[in-house]
Amino acid sequence: MSFFAVDGLTMRFGGLTALDDVSFEVDRGMIFSIIGPNGSGKSTAFNCISGIYQPTAGKIYFEGEGISGLAPHHIARLGIARTFQNIELFSTETTIDNLMLGRHQHMHSGVWSGVAMLGRATSAAREETENRERVQWIIELLDLVRVRDRPVGELPYGTQKRVELARALAMEPKLLLVDEPSAGMNADERAEVAVRMRELRAELDVTILLIEHHVQLAIGLADRVLALNFGKPIAQGAPEEIRQHPEVIKAYLGDG
Ligand SMILES: Nc1ncnc2c1ncn2[C@@H]1O[C@H](COP(=O)(O)OP(=O)(O)O)[C@@H](O)[C@H]1O
Ligand SMILES: [Mg+2]
């Protein structure tokens, strides 16, 4: 049983096939990168995995259970968190409040909320303390201490991306989906993203599924790589194989 698996995933929008029979498996603890030129179906794959889209065909398995068809909050509660290609934060709220909100929504949605409400005030207070401690730890890990109490809408773009990553991590996911962490960044910032991803993997017990248009970053970080083009898998393997793969090189030649 693999930690995470996608089997024959297909997603059609009207006449457009955004994903065409895509299969892959991810072992626990890996950084698995999905690469491909713009429009190749990477974000669509994440939207299927996180339950935002219902796949046209195919199955998704997490820790041995089929998760395709489940609602996004249900999938999140199983331990899958994500960031978005276009940052989705509460821009008037502070860094810490965005992280606390993310954590609350995660822990108090669905069947357990009633149980939590019935709990004694002491246990609620203890839980709140634990939440704050966890969130504070993530804030330090991602170097966000200086912007902890600033509204995120005022922060530079790169910092906002870091807050979004922090919010996903505050949910203590087992599987983290990261969509284009280096989008809109220069070479220095991209190098920082690479260092951070490695740090996260070392510090946290988290498996990372990374989608990234910047092919060198994605391949450099990965234990294993899947390459897509126009929704079709064109290569899959170890980073060094993918780097030299003729289909991959061809796919990127025409890509600005
Ligand atoms: N909700 C949608 N409705 C219609 N077409 C979509 C939708 N989402 C994505 N697409 C199309 O699917 C294809 C893949 O898009 P996307 O997954 O965003 O690619 P990538 O993330 O690799 O750049 C594109 O042609 C895109 O226009
Ligand atoms: Mg995308």
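Refer to the structure above for everything that follows.
The sections below set out a description of the structure shown in this document. Computed from a predicted model, the values in this text were never measured in an experiment. (Residues numbered from 1 in each chain as written. Chains lettered and ligands numbered in written order. Predicted model: local features only at pLDDT ≥ 70, side-chain atom pairs only at ≥ 80, totals over all residues.)

On to the sheet that holds strand E9 (residues 224-229). The strand order across the open sheet formed by six strands is E6-E7-E8-E3-E9-E10, and the pairing between neighbours is mixed. Both outer strands of the open sheet, strand E6 (80-82) and strand E10 (232-237), are each paired with one neighbouring strand and no more. Averaged over all neighbouring strand pairs, the angle between strand axes comes to 15°, with direction disregarded. Judged from the five bridges that link them, strand E7 (residues 175-179) and strand E8 (residues 207-212) form a sheet pairing that is parallel. Within E8, the residue paired with Leu 177 across the bridge is Leu 209. Relative to E7, helix H1 (residues 42-49) is tilted by about 150°, and along the sheet it contacts strand E3 (31-35), E6, E7, E8 and E9. (Pairing = 2+ DSSP bridges. Helix = DSSP H or I, 4+ residues; strand = E, 2+ residues; numbered from the N terminus. Axes fitted to C-alpha atoms, helices over the stretch in contact; angles between N-to-C directions. Contact = placed C-beta atoms within 7 Å.)

In this structure, Ala 166 and Ala 218 are the most contacted members of the largest nonpolar core, which totals 62 residues. Counting only domains with at least three residues in this core, you end up with domain 1 (1-79 + 173-186 + 205-256) and domain 2 (91-171). Setting aside chain neighbours within four positions, we find Ala 218 in contact with Ser 33, Ile 35, Leu 210, Glu 212 and Val 225. (Core = buried A, V, L, I, M, F, W, Y, C linked by C-beta atoms within 7 Å. Buried ≥ 20, exposed ≤ 12 C-beta atoms within 10 Å, placed from the backbone. Domains from an automatic or database assignment.)

Strands sit in the order E2-E1-E4-E5 across an open sheet of four strands; the sheet is antiparallel. Whereas interior strands pair on both sides, the edge strands pair on one side only; in this sheet they are strand E2 (16-26) and strand E5 (65-66). As paired elements, strand E1 (residues 4-13) and strand E4 (residues 57-62) share five bridges and run antiparallel to each other. Counterpart to Ala 5 in the pairing with E4 is Tyr 61.

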